[in-house]
Amino acid sequence: MRAKREGALRRLSGLKGLGRLGRLGRLNGLLVQWMLGFVLALSFLGTAWAEPLRVFAAASLAEAFTEIGKTFEAAHPGVSVEFNFAGSQLLRTQIEQGAQADIFAAADRVHVDALREKGLLGEAPVFARNALVVVTPAEDARVRDLTDLARPGIKIVVAGPTVPVGRYTSQVLQKMTASGLYGDDFQTRVQANVVSQETNVRAVLAKVALGEADAGFVYRTDLATAATKIRVLTIPERLNVVAEYPIGVLTRSSAAKLAAEFVRLVTGRKGQAILVKHGFNH
Amino acid sequence: MGHPAARRGGIRPFGILSILLPLYVAVPLITLLLVTTPRSLVEQLASDMALRALVLTLETTVVATVLCVVLGTPLAYVLSRHDFRGRDLVDTLIDLPITIPPVVAGVALLLAFGRRGLLGRYLDLAGVQIPFTTLAVVMAQVFIASPFYVKAARAGFDSVDATLEKVAGTLGASPWRVFWTVSVPLARPALIAGTVLAWARSLSEFGATMMFAGNLPGRTQTLTLAVMSAMESNLETAVAISVLSLVLALAALLVAKRLAATRSLWI
Amino acid sequence: MALDLLRVKLALSLGSFRLDLAFEVRPGETVALVGPSGSGKSTCIAAVAGLLLPDSGRVSLGDEMWCDTDTGTDLPPRKRHVGFVHQDYALFPHLTVRGNVTYGARARGEGRAVSLSKANEWIERLGIVELADRPVRELSGGQRQRVALARALASGARVLLLDEPFGSLDASTRAAVRSELRTFLADVRLPAVFVTHDATDALMLAERISVLEDGRLSQTGTSEELLARPQTRFVANLFGLNYYRAVLAPGRGLREARVGSVVFHLMTDHDGSVALAFPPSAVTLSSDRPTGSAQNSFRGHVREILPLPDRIRVVLDCGVTMAADVVREAAVTLDLDPGRTLWGSVKATAIQVYP
């Protein structure tokens, strides 16, 4: 019985050479074998049990998706939903490098399309829309209206060029310059005032909330988290962008059926109501 | 200086366990080198982003290291030679930056020296703003890297027999002269090792820099921040910059070992 | 020559006891401070060097006041021109021999050429020329001592302070180095103080010896004085002398004195409370009761046998403890063994009696 179990573990660990460790000391070799076998057995067992549903979602979706996740868990007892919130560009790189995920929800089409081209993502319908606003610190704000953004000496924080909100920011600035209302060199002057390119939208918000930056470009949906510390400057609708959020199931997912149900929840009535509650689809 | 195990029996009694760690460290680093080609490396490194990051990093880390040495050496000497009330407290304080997460350090620096910060607000009134400047990069690096130098320097001075200093005094040397002609030469290997450690740590500094200085190419985007940003757009560039950082670190370590080894055989 | 007289008076608390002493050293004189470890002798010369401040006292060289607790004067070591030779010699490991010897002059601001010539002068005088460019770690104990001395003197020392100068040498080197040092000190003509726990070192090197006992100098004198008339049991023990105290009734010439359970026959004019002292070499041992002129013969058993370099010291328990020295061959003749019964005899005239 004992020998049989030992043999099984040895096979499990797949390291036949471990037997040779016995030469160094029976206790040492045996101990290592047992340890490795034990650890591997545990992880094996772990995967067979309640495997969580892994959702990689853009940082701006944090609050809305957490609530959706709870709703999903309530409807599917025994299932837990695990979120990874970060800049969409970072999540995409992680997925490309082989990170284990079931669902990807991004803040723009670019990253989703890139993954689709590589065959890593299936169909990805747009499930939410967002828009940009400019935020300033609540007290002692040096930026009172949008024209102030171009004033020399103003410190502006944006997200990096590959972060969705960073790209949207450039698009908004282009539109504002093209409108002729803010001056021909508006975009250049505003970009000269940029002091930092953050890796996700929440970091932009944080720097403005701390009072370190005079202004930052974030999503309309981000305001709730720092309401008391910031003031909002709306961007006129025709100069604003429509941020489109697609969601899809990753082809490598080992829980495709469950993932598809999650996507259905997000695109369905309940999910959409939650998203509207958090400021999307305005 | 040899370990007993090296003189007899090789890697017994631990066998395979003793080489697991070196293997674990070597594999990712070697992978980094294997993933790129020399041509791609040169191409990527010649890019604007990489060059600016390299220049900025060299400038800031050198300044930061010099500051660590200039400010840290007297401190290390005093901690080593004088037993004063609160010495343990100061010692622990200096070690703190090692134990707190760098991002937390960044937040703390921001809260202290930011525009609305405890001290920063007065600087702001005087028209001086530190966050988002190259100075902020240096400050973050000094904050994070200084304990490495101070610890090493202190250990170095501790290892110098105080009797030698006293005797030097009886021979007519002033305390300043004793320091330069006896304490420093004898502590030199540790001082050099500490300097290199501090430089290496400031090279790899990320969290505090990101938080306190921000991320802007040419002004605050160091090599590590550049890797982060490049990762999001161009993996090849990220790899190239990573390899460059690796090479810099390796060069530093080799130089340090050389310098330290030639003088460590006096005693 | 009051110019270079070293005067020391100091009082210092040393944990469980108090150090309280005073002495003077004339130029060219070597004085030894003898005492067991922990007696405060190293502390004493550290205070003379300026490495510590006594609770109270004065240290001066000639008319230069180095330390005066009354006026608050406390010159730092570098201003005192002392040549301090530490127990382990404390040579700078990162400098060569020449580098070490040049250190003092350079530290005092002399130019490179001048320092070098001073250093070379002393290197020659101490006979270490061929070692001059060697790193310090290659040197033997005796060589290190010479380097330490050269270094101290090349720095312009006006007083030599030596802490256990032979402490880190092995027995065979000790004797050779000791006689060299004796010649050297006589040559150099500076006031020199050295501390040691070894009485023989003191006897060989010093013109005057001071014994440090419980923080005080219990006796100061030349070696002859100390050997002939130790003032305390401690001093006697230090020099390996037999020492007893007795009370004599008034009288003159040949007398009797009771010490413990034995009676000594003495030849003296002193009376009252007296000390009796004689070296172990004055005691003869024999297996049988001796006949002959020795009036003091005591029977006892051997308590301890101590081999010394050139003889054997036998500690006899004959009513009092008495040490006797015999040549090696006698060990066989007497059949020396602990517990063996022997007779120890000493002539009355060999016993020093003094108040």
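Just so it is clear, the model here is predicted, and its values are computed rather than measured.

(A) Structural context of the overall build of chain C. Broken down by element type, chain C carries nine helices and 21 strands. On the principal axes, the C-alpha backbone points of chain C span a range of 75 × 50 × 35 Å. For chain C, the proportion of its 355 residues judged to be buried stands at 41%. Of the contacts formed within chain C by residues at least 6 apart in sequence, a portion of 65% connects residues at least 24 apart.

(B) Representation of the overall build of chain A in the model. What chain A contains, in helices and strands, is 10 helices and 10 strands. Expressed as a percentage of the 282 residues in chain A, the buried residues total 41%. The contacts of chain A with a sequence gap of at least 6 include a subset with a gap of at least 24, amounting to 73%.

(C) Representation of the arrangement of the chains in the model. In this assembly, two pairs of chains are in contact, and the pair contributing the most contacts is chains A and B. One thing to see here is that chain A and chain C don't touch, and their nearest C-alpha atoms sit 42 Å from each other.

(D) Representation of the sheet that holds strand S19 (residues 321–326) of chain C. Residues and elements named next belong to chain C. Taken together, five strands build an open sheet; the order of strands is S16-S20-S17-S18-S19 and the sheet is antiparallel. Unpaired on one side and paired on the other, strand S16 (284–286) and S19 mark the two borders of the sheet. The sheet shows a mean angle of 45° between the axes of neighbouring strands, direction not considered.

(E) The arrangement of the interface of chain B and chain C in detail. With 16 residues of chain B at the contact, the number on the chain C side is 18 residues. Those elements giving two or more residues to the side of chain B that touches chain C turn out to be helix H9 (162–170) and helix H10 (175–203) of chain B. Per-element tally for the side of chain B that touches chain C: the top contributor is H9 of chain B, with six residues. For the side of chain B that touches chain C, the per-class residue count stands at nine nonpolar, five polar and two charged.

(F) Summary view of the nonpolar core. The biggest cluster of nonpolar side chains holds 238 residues, and the ones touching the most others in it are Ile-103 and Phe-104 of chain A together with Leu-161 of chain C. The element that contributes the greatest number of residues to this core is helix H8 (residues 134–158) of chain B, accounting for 15 residues.

(G) Structural detail: the pairing of strand S8 (residues 159–163) of chain C. Residue and element names in this part refer to chain C. Of all five residues in S8, five are buried; the element is thus mostly enclosed. Here S8 shows two buried faces, one formed by Val-159, Leu-161 and Asp-163 and the other by Leu-160 and Leu-162. With four bridges joining them, strand S7 (residues 82–85) and S8 adopt parallel strand pairing. Bridging across to S8, Val-85 finds its partner in Leu-162. Once you follow S8 into helix H5 (residues 171–188) and on to strand S9 (residues 192–196), the crossover reads as right-handed.

(H) Quick peek at the sheet that holds strand S3 (residues 30–34) of chain C. Residues and elements named next belong to chain C. The strand order across the open sheet built from six strands is S7-S8-S9-S3-S10-S11, with neighbouring strands paired in mixed fashion. Two strands in the sheet have a free side with no partner beyond their single neighbour: S7 and strand S11 (216–221). Between one strand and the next, the sheet's axes are offset by a mean angle of 15°, whatever the strand orientation. Pairing between S3 and S9: five bridges, direction parallel. When the sheet's bridge partners are listed, Leu-33 is paired in S9 with Val-195. Sheet strands in contact with helix H1 (residues 41–49) are S3, S7, S8, S9 and strand S10 (208–213), and its direction is about 155° off that of S9. Helix H4 (residues 141–154) contacts S7 and S8 of the sheet and is inclined by roughly 165° relative to S7.

(I) Spatial organisation of the interface of chain A and chain B. With 20 residues of chain A at the contact, the number on the chain B side is 18 residues. Within the residue set of the side of chain A that touches chain B, elements represented by two or more residues are helix H4 (88–96) and strand S7 (194–198) of chain A. Here the side of chain A that touches chain B gets five residues from one element, more than from any other, and that element is S7 of chain A. When grouped by side-chain class, the residues that make up the side of chain A that touches chain B number six nonpolar, 11 polar and three charged.

(J) Here's a closer look at the pairing of strand S13 (residues 254–259) of chain C. Residue and element names in this part refer to chain C. Examined bridge by bridge, S13 and strand S14 (residues 262–267) share six bridges and lie antiparallel to one another. Looking across to S14, one finds that Ala-257 is bridged to Phe-264. Where S13 folds back on S14, the antiparallel hairpin that results is connected by two residues, among which Gly-260 adopts a positive phi of roughly 65°.

(K) Layout of the domain arrangement of chain C. Residue and element names in this part refer to chain C. Here the domain parsing of chain C yields domain 1 (2–234) and domain 2 (250–354). Each of domain 1 and domain 2 was reduced to a C-alpha centroid, and the two centroids are 38 Å apart. Each side of the interface is counted separately: domain 1 has four residues, and domain 2 has four residues.

(L) Local environment of unusual backbone geometry. Residue Asp-140 of chain A is not a glycine yet carries a positive backbone phi of 55°. Along the polypeptide, Asp-140 of chain A turns up in the loop between strand S5 (132–137) and strand S6 (156–159).

(M) Structural context of the confidence of the model for chain C. Mean pLDDT over chain C works out to 87, with 99% of the residues at or above the 70 mark. This prediction of the complex comes with two scores: 0.78 for pTM and 0.80 for ipTM.

(N) Local environment of the packing of helix H3 (residues 112–125) of chain C against H4 of chain C. All names here are of chain C. Following both chains from N to C, one finds H3 and H4 inclined at 140°, their axes separated by 9 Å at the closest point. Comparing the axis directions of H3 and H4 gives the class oblique. Viewed along their axes, H3 and H4 form a crossing whose handedness is right-handed. The residues of H4 that touch H3, namely those facing Lys-118, Ala-119, Trp-122 and Ile-123, are Ala-150, Leu-153 and Ala-154. Here the residues of the contact of H3 with H4 sort into six nonpolar, no polar and one charged.

(O) Seen up close, the confidence of the model for chain A. Residues and elements named next belong to chain A. Taken over all residues, the pLDDT of chain A has a mean of 85, while the share at 70 or more is 82%. No element of chain A has a lower mean pLDDT than helix H1 (residues 2–13), which averages 49, and none a higher one than strand S3 (residues 103–105), which averages 95. With pLDDT under 50 throughout, residues 12–22 is counted as low confidence; its partners more than four residues away or in other chains account for 20 contacts.

(P) Looking closely at the environment of Thr-162 of chain A. When you line up the elements, Thr-162 of chain A lands in the loop between S6 and helix H6 (164–179). Separated by 111 residues in sequence, Thr-162 of chain A and Ala-273 of chain A have C-alpha atoms that sit 30 Å apart. In contact with Thr-162 of chain A, other than residues within four places in its own chain, are Gln-89 of chain A together with Glu-232 and Ser-233 of chain B.

(Q) Local environment of the packing of helix H4 (residues 48–81) of chain B against H10 of chain B. All names here are of chain B. The geometry of H4 relative to H10 is characterised by a closest axis approach of 9 Å and an angle of 140° between their N-to-C directions. In this view, H4 runs oblique relative to H10, as classed from their interaxial angle. Crossing of H4 against H10: the hand is right-handed. Taking contact as the criterion, the partners of Thr-57, Thr-61, Ala-64, Thr-65, Cys-68, Val-69 and Tyr-77 in H4 are, on H10, Phe-179, Ser-183, Thr-195, Ala-198, Trp-199, Ser-202 and Leu-203. Looking at the contact of H4 with H10 residue by residue, the class counts come to eight nonpolar, six polar and no charged.

About the thresholds
- Residues numbered from 1 in each chain as written.
- Chains lettered and ligands numbered in written order.
- Predicted model: local features only at pLDDT ≥ 70, side-chain atom pairs only at ≥ 80, totals over all residues.
- Helix = DSSP H or I, 4+ residues; strand = E, 2+ residues; numbered from the N terminus.
- Buried ≥ 20, exposed ≤ 12 C-beta atoms within 10 Å, placed from the backbone.
- Contact = placed C-beta atoms within 7 Å.
- Pairing = 2+ DSSP bridges.
- Axes fitted to C-alpha atoms, helices over the stretch in contact; angles between N-to-C directions.
- Nonpolar A, V, L, I, M, F, W, Y, C, P; charged D, E, K, R; others polar.
- Core = buried A, V, L, I, M, F, W, Y, C linked by C-beta atoms within 7 Å.
- Right-handed = clockwise from strand over helix to strand, strands pointing away.
- Domains from an automatic or database assignment.
- pLDDT = per-residue confidence, 0-100.
- Parallel < 35°, antiparallel > 145°, perpendicular 65-115°, else oblique.
- Left-handed = near helix turned anticlockwise from the far one by under 90°.

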